[in-house]
Number of protein chains: 2
Amino acid sequence: MSVNLKQLAEALGISQTTVSRALNGFPEVSEKTRRKVLDMAQQLNYSPSPHAKKLATGKSKTIGHVVPQSDHMMINPLFSDFIAGAGEAYSRAGYDMLMSVVDREQEESTYYKLIASKRVDGMMVHAPLVNDTRIALLQKLDMPFVVHGRSADEDNSYAWLDVNNRRSFQRATRFLIDLGHRRIALLNGLESMTFARRRRAGYLDALASAEIEADPGIMFAEEMIEPYGYERTRQLLAGKDRPTAIICSSILPAMGAVRAIQQTGLVPGRDISIVTHDDVLSFLSNSGNIPLFTAVRSSIKEAGRRCAELLIEAIEHPGTGPRHELWEAELVVGNSTGPVGA
Amino acid sequence: MSVNLKQLAEALGISQTTVSRALNGFPEVSEKTRRKVLDMAQQLNYSPSPHAKKLATGKSKTIGHVVPQSDHMMINPLFSDFIAGAGEAYSRAGYDMLMSVVDREQEESTYYKLIASKRVDGMMVHAPLVNDTRIALLQKLDMPFVVHGRSADEDNSYAWLDVNNRRSFQRATRFLIDLGHRRIALLNGLESMTFARRRRAGYLDALASAEIEADPGIMFAEEMIEPYGYERTRQLLAGKDRPTAIICSSILPAMGAVRAIQQTGLVPGRDISIVTHDDVLSFLSNSGNIPLFTAVRSSIKEAGRRCAELLIEAIEHPGTGPRHELWEAELVVGNSTGPVGA
DNA sequence: CGCAAAATCCAAAGCGGTTTGAATTTGTTG
DNA sequence: CAACAAATTCAAACCGCTTTGGATTTTGCG
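Residues numbered from 1 in each chain as written. Chains lettered and ligands numbered in written order. Predicted model: local features only at pLDDT ≥ 70, side-chain atom pairs only at ≥ 80, totals over all residues.

**Student:** I'd love a proper account of the overall build of chain A, names of residues and values included.
**Tutor:** Each helix and strand counted, chain A has twelve helices and twelve strands in total. Here the C-alpha atoms of chain A give a radius of gyration of 25 Å, more than 25% beyond the 20 Å that 2.2 N^0.38 yields for 342 residues. Seen through its principal axes, chain A has C-alpha atoms that stretch 85 × 40 × 35 Å. Split into buried and exposed, the 342 residues of chain A put 49% on the buried side. For chain A, contacts bridging at least 24 residues in sequence account for 72% of all contacts bridging at least 6. (Helix = DSSP H or I, 4+ residues; strand = E, 2+ residues; numbered from the N terminus. Rg over C-alpha atoms; globule rule 2.2 N^0.38 Å. Buried ≥ 20, exposed ≤ 12 C-beta atoms within 10 Å, placed from the backbone. Contact = placed C-beta atoms within 7 Å.)

**Student:** I'd like to hear about the protein's contact with DNA strand D, residue by residue, with values.
**Tutor:** Neighbouring residues of DNA strand D: 25 residues in total, closest A:N4, A:L5, A:S20, A:A56 and B:T17. Elements with a contribution of two residues or more to the surface near DNA strand D: helix 2 (16-23) and helix 4 (50-57) of chain A together with helix 2 (16-23) and helix 4 (50-57) of chain B. Among the elements that take part in the surface near DNA strand D, helix 4 of chain A stands out by supplying five residues, more than any other. (Near = placed C-beta within 6 Å.)

**Student:** Tell me about the relation of the copies chain B and chain A, residues and numbers included.
**Tutor:** It takes a turn of 180° to lay chain B on chain A, together with a shift of 0.1 Å along the axis; the resulting RMSD is 0.1 Å. With respect to symmetry, the two chain copies, as superposed, fit the operation of a two-fold axis. Relative to the rotation axis, the closest C-alpha in chain B is found at B:L98, a distance of 2.4 Å. A share of 100% of the interface residues of chain B reappears at the interface of chain A, consistent with the copies meeting face to face through the same patch. (Least-squares fit on C-alpha atoms with pLDDT ≥ 70 in both.)

**Student:** Provide a residue-level description of the protein's contact with DNA strand C, including the pertinent values.
**Tutor:** If you check the shell around DNA strand C, you find 25 residues, and the closest are A:T17, B:L5, B:S20, B:A52 and B:A56. Contributing elements (two or more residues each) for the surface near DNA strand C: helix 2 and helix 4 of chain A together with helix 2 and helix 4 of chain B. Take the surface near DNA strand C: its biggest share by element is five residues, from helix 4 of chain B. When grouped by side-chain class, the residues that make up the surface near DNA strand C number nine nonpolar, 13 polar and three charged. (Nonpolar A, V, L, I, M, F, W, Y, C, P; charged D, E, K, R; others polar.)

**Student:** Give me the lowdown on the interface of chain B and chain A, citing residues and values where you can.
**Tutor:** Listed as interface residues are 41 residues of chain B and, on the opposing side, 41 residues of chain A. Going through the elements one at a time, helix 4, helix 5 (75-93), strand 2 (96-102), helix 10 (226-238) and helix 11 (251-263) of chain B are the ones with two or more residues in the side of chain B that touches chain A. The element contributing the most residues to the side of chain B that touches chain A is helix 5 of chain B, with nine residues. Among the residues forming the side of chain B that touches chain A, the class breakdown is 20 nonpolar, 14 polar and seven charged.

**Student:** Outline the sheet that holds strand 9 (residues 273-278) of chain B, listing residues and values.
**Tutor:** Residues and elements named next belong to chain B. Reading across the sheet, the six strands line up as 7-6-8-9-10-12 and stay open at both edges, with mixed pairing between neighbours. Each edge of the open sheet is held by one strand with a lone partner, namely strand 7 (219-221) and strand 12 (330-332). On average, each strand axis in the sheet is tilted by 15° relative to the strand beside it, whichever way the strands run. For strand 9 and strand 10 (residues 294-297), the ladder comprises four bridges, and the chain directions are parallel. For T276, the partnering residue across the bridge sits in strand 10 and is A295. (Pairing = 2+ DSSP bridges. Axes fitted to C-alpha atoms, helices over the stretch in contact; angles between N-to-C directions.)

**Student:** A description of the environment of A:A84 should follow, citing residues and the corresponding values.
**Tutor:** Residue and element names in this part refer to chain A. With respect to the helices and strands, the residue A84 is situated in helix 5 (residues 75-93). Residue classification places A84 among the buried positions, given that 23 C-beta atoms sit within 10 Å. When the C-alpha positions of A84 and A238 are compared, they lie 40 Å apart, and in sequence the two are 154 residues distant.

**Student:** Kindly report on unusual backbone geometry, identifying the contributing residues and their values.
**Tutor:** All names here are of chain A. Not every positive phi belongs to a glycine, and A127 is a case in point at roughly 40°. Tracing the backbone through its elements, the reader meets A127 in the loop between strand 3 (122-125) and helix 7 (133-141). Given 23 C-beta atoms within a 10 Å radius, A127 is considered buried.

**Student:** Account for the packing of helix 1 (residues 5-12) of chain A against helix 3 (residues 31-43) of chain A, naming residues and giving values.
**Tutor:** All names here are of chain A. Interhelical geometry of helix 1 versus helix 3 gives an angle of 120° and a closest axis separation of 10 Å. Comparing their axes, helix 3 and helix 1 come out oblique. The two elements helix 1 and helix 3 cross, and the hand of that crossing is right-handed. Seen from helix 1, the contacting residues are L8, A11 and L12; seen from helix 3, they are K36, V37, M40 and A41. (Parallel < 35°, antiparallel > 145°, perpendicular 65-115°, else oblique. Left-handed = near helix turned anticlockwise from the far one by under 90°.)

**Student:** So, the nonpolar core: which residues are in play, and what are the values?
**Tutor:** By size, the foremost hydrophobic cluster in this structure holds 84 residues, and its most contacted members are A:V146, A:L311, B:V146 and B:L311. Not counting chain neighbours up to four residues away, the residues in contact with B:V146 comprise B:M124, B:A159, B:W160, B:L161, B:C307, B:L310, B:L311 and B:A314. Grouped together as the second largest cluster of nonpolar side chains are 79 residues, A:V275, B:F220, B:C248 and B:V258 included. (Core = buried A, V, L, I, M, F, W, Y, C linked by C-beta atoms within 7 Å.)

**Student:** Can you lay out the sheet that holds strand 8 (residues 245-248) of chain A for me, pointing to particular residues and giving the numbers?
**Tutor:** Residue and element names in this part refer to chain A. The six strands lie next to each other as 7-6-8-9-10-12, forming an open sheet whose pairing is mixed. Looking at which strands have only one partner, the edges of the open sheet turn out to be strand 7 (219-221) and strand 12 (330-332). Averaged over all neighbouring strand pairs, the angle between strand axes comes to 15°, with direction disregarded. Relative to strand 6 (residues 184-188), helix 10 (residues 226-238) is tilted by about 155°, and along the sheet it contacts strand 6, strand 7 and strand 8. Strands strand 6, strand 8 and strand 9 (273-278) of the sheet are contacted by helix 11 (residues 251-263), whose axis makes an angle of about 160° with strand 9.

**Student:** Describe the pairing of strand 3 (residues 122-125) of chain B, and please don't skip the residues or the numbers.
**Tutor:** Residues and elements named next belong to chain B. Of the two faces of strand 3, both are covered, the one formed by G122 and M124 as well as the one formed by M123 and V125. In this sheet, strand 3 lies alongside strand 1 (residues 62-68) in parallel orientation, the contact comprising three bridges. Across the sheet, residue I63 finds its bridge partner in strand 3, namely G122. As defined by bridge partners, strand 3 adjoins strand 4 (residues 145-148) across three bridges and the pair is classed as parallel. Bridging from a neighbouring strand, M123 pairs with F145 of strand 4.

**Student:** Describe the pairing of strand 1 of chain B, and please don't skip the residues or the numbers.
**Tutor:** All names here are of chain B. Within strand 1, seven of the seven residues are buried, which leaves it mostly tucked inside the rest of the structure. Burial along strand 1 is two-sided: T62, G64, V66 and P68 and I63, H65 and V67, pointing in opposite directions, are all buried. In this structure, strand 1 lies alongside strand 2, joined through seven bridges in parallel fashion. Bridge pairing in strand 2 places H65 opposite M99.

**Student:** Give a detailed account of helix 6 (residues 107-116) of chain A, specifying residues and quantitative values.
**Tutor:** Residues and elements named next belong to chain A. Those residues of helix 6 lying buried are Y111, L114 and I115. The buried side chains of helix 6 occupy one side of the element, clustering within an arc of 95° when seen end-on. Phi turns positive, to about 60°, at K118, one or two residues after helix 6. (Arc of directions from axis to C-beta.)

Encoded structure:
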């Protein structure tokens, strides 16, 4: 059904060396020979054994993703979209994606093993923490990697792609302030994640520049799931001095917030405004002519694709220093916001 | 930092053969020798090269998942939970997960290539179609695989794990009928998927046994995303002879339905009942003492874990015919249902 | 035509394991 | 204690590809 290199060489009456070189585009083989080799390879349905190739070259043409099990489920919905984007880029470039689901405690040792055993040529790092040990490890092991997000602001010693979370939350908050809101609640993600810290900073920036004092009583930082939005919003609505607007870190809690608001008989966008960050999750789609939510929007799938491209670039052309991309989120106005007290 | 087999053997003054056998638990090596080998291996931090091993054995200790890009986004949110479950089982058993994201058209050729190149020892098949060519291909190539779902009812020639979708929708519908509902809409998933067909059959079973005539005008089959639930519910509410209950194929359209209902000023569970299938998606969590939705519930993450176990079993102990598991979904009563006209 | 340089091509040695078939040790018996 | 079987161990071949260093052919040019 299928032949190996040796058989191909024999069929051609040529050495394996030359055949191998012809197939891999080396210059020291004549065009005539190359044509013959290519034709015969096609005819005999030759395809090289990846295992043998990996063993011989030490390259694996594989990218590793390690995703932590259990806590931080919050990654999941984002995760599938990111994977879809990255996976497509990998396929296009002829790379495989190796995914490892492990407990948090085994996370680092998994990185180590994947690299030591040469199973991967590069790693994708998700959701960096404030002081992320994975990054240090990867740098020490000299393994190409790209971080989706950033760890510390100042550190440009590695490749990353991030959304300008500070700016986008600053703009979102500013937008609400411009509509007259002055009491704005924050439903942030877990602040061990760097992006969540930046979002809070952006929120505080906007408040400060409008000379509004931040109230820790209406600022939360939890996992970005639907019930979080629901519970906290109920709580906010029940309290005295209720906020007139809420800014959410993800569309999931935003949906929870809407649920709570509607349950109270209020109307989102009229009685209370909501702005959310929107990762453009393919299964929740906040689009249409007038989208449900006013949002700062940046596609996580696109981010996945671009991260993959950057990583492959880094693998295949090392030496060109680490690349960085800071994306600006787009502010789209939907039905969930309106002037205060309208 | 790390040694290979040859160096290990030299350090021990023993042949590679014996070392290899000692490490792999062959019986023809004395316990004394084995101990020495194991100790030295530990000491020298030996770990075998997976590439070399794969080349020599032809086994890859890798499971392939191919996920189609673009259409059927509906797979995504389920997908991440399934992966989490399966991935954990793989890790535990020492298997790698290889994920390939490709266009629908390249799906089959991807299966073929993964198998021909021996990159995988087994494949996981998602979302079987009514007449699924992947199954035929895998059988022809004699590759172990497990299907999450089933294709045709009668066909037990391959391993699968499925939820008894027919029964669960029959029960869900019956539950509504028992509450007095007689006009029940169906928001099904795409009926090219076999599970969706079975759900419809269950729905029709229940209607028939209550002598209610099915109305195609209130039965839909689309991708299970939030906006689908919203749009169709709006449409249903706007029409004449509006249904008193809706049964949904996923919690996403169910959320859309709630949104539409609340927007009309109605109250879910009082004015209109909703039952949904609940895959127990980790980021949407329909739990709590009294869950939001009345649902037939079956964890997709657990399914992923179990599918992985079945697959590994099939790989490591071939010959024992294909296994099948048919899971019964659990009916949990939440706040989204009530007697008709209450 | 002669000869160095350039262009091709090749045999063989890895890469790091597993496994076959034979050799060596050890153990058991008569 | 010799003789033979069982238990261990080993040298070498093999998995399928890349790559080094050298051999062979072609080409260019005086």
